[in-house]
Amino acid sequence: MANQERITMLKSVLFWKMVTLLGLMILLLIPIAELMSVIQERSGYRQSVVGQVSESTSRAQRILGPVIVIPYTERQEKRTRQGRSRSIRCVTIAICCRKACR
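Not measured: the values here are computed from a predicted model.

Examining the overall build of the protein
Right, on to step 1. Each helix and strand in the protein was counted, giving 2 helices and 2 strands.
Right, on to step 2. In the protein, the succession of helices and strands from N to C terminus is α-α-β-β.
Right, on to step 3. The buried share of the protein, taken over its 102 residues, is 1%.
Right, on to step 4. Within the structure as shown, the protein displays about 10,300 Å² of accessible surface, and the carbon and sulfur contribution to it stands at 61%.

Next comes the structure, spelled out in structure tokens:
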């Protein structure tokens, strides 16, 4: 009986449809694998080109805004221990600079 069931299964239309479908799926895996290898190769090529271009151009630069120098005089009064006031003159230079965005 088991032998006859196998023979009947091999003659079945559904069995041959499933075998054909499985064979076609396996055949379609070949072009998919080739496409994946081409994509991988081109992405590697892209990375190498990006690296070469970044090496050939200058590195990151910092740009400083205008530098403003403002000299001014500051006077301070301090009281001594005896109660007298004393004037002190300080000369200071202020430098203002602004970092620009990279």
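Looking at helix 2 (residues 13-56)
Right, on to step 1. Its 44 residues give helix 2 an end-to-end C-alpha distance of 65 Å, which sits within 8% of 64 Å, the value for a rise of 1.5 Å per residue.
Right, on to step 2. Burial analysis of helix 2 places just 0 of its 44 residues in the buried class, which makes it a mostly uncovered element.
Right, on to step 3. Capping the start of helix 2, S12 holds a side-chain oxygen 3.4 Å from the backbone nitrogen of L14, two or three residues further along.

A closer look at a nonpolar patch on the surface
Right, on to step 1. A cluster of nonpolar side chains, L29, I32, M36 and I39, forms an exposed patch at the surface whose accessible area comes to about 420 Å².
Right, on to step 2. Among the secondary structure elements, I32 is positioned in helix 2.
Right, on to step 3. Classification of I32 as partly exposed rests on a relative accessible area of 47%.

Regarding the confidence of the model for the protein
Right, on to step 1. For the protein, per-residue confidence averages 77 on the pLDDT scale, and residues scoring 70 or more make up 62% of the total.
Right, on to step 2. When pLDDT is averaged over each element of the protein, helix 2 comes out on top at 91 and strand 2 (residues 85-96) at the bottom at 60.

Reading the values: the criteria
- Throughout, residues of each chain are indexed from 1 in the direction in which the sequence is written.
- In keeping with the model being predicted, local features are shown solely for residues with a pLDDT of at least 70 and side-chain atom pairs are shown and tallied solely at 80 or more, while totals for entire chains, interfaces and linings include all residues.
- No hydrogens and no water enter the side-chain calculation; it runs on all heavy atoms of the structure.
- Under the DSSP-based scheme used, a helix requires at least four consecutive residues in state H or I and a strand at least two consecutive residues in state E, with every element numbered from the N terminus.
- Using a 1.4 Å probe on the protein chains alone, a residue whose accessible area is under 20% of its type maximum counts as buried, one over 50% counts as exposed, and one in between counts as partly exposed.
- All accessible-area figures derive from a Shrake-Rupley calculation using a 1.4 Å probe, and residue coverage is judged against the displayed protein chains alone.
- A helix is expected to span 1.5 Å for every residue after the first.
- Polar contacts, as counted here, are pairs of nitrogen or oxygen atoms within 3.5 Å of one another; within protein the pair requires one atom able to donate a hydrogen and one able to accept it, and residues that are adjacent in sequence qualify only if both atoms are side-chain atoms.
- What goes into a patch is any residue over 30% in relative accessible area without a salt bridge, connected to like charges within 9 Å or, for nonpolar side chains (Val, Leu, Ile, Met, Phe, Trp, Tyr), within 5 Å.
- Think of a salt bridge as a Lys or Arg side-chain nitrogen and an Asp or Glu carboxyl oxygen that are within 4 Å of each other.
- A residue's pLDDT is the predictor's confidence in that residue, given on a scale from 0 to 100.

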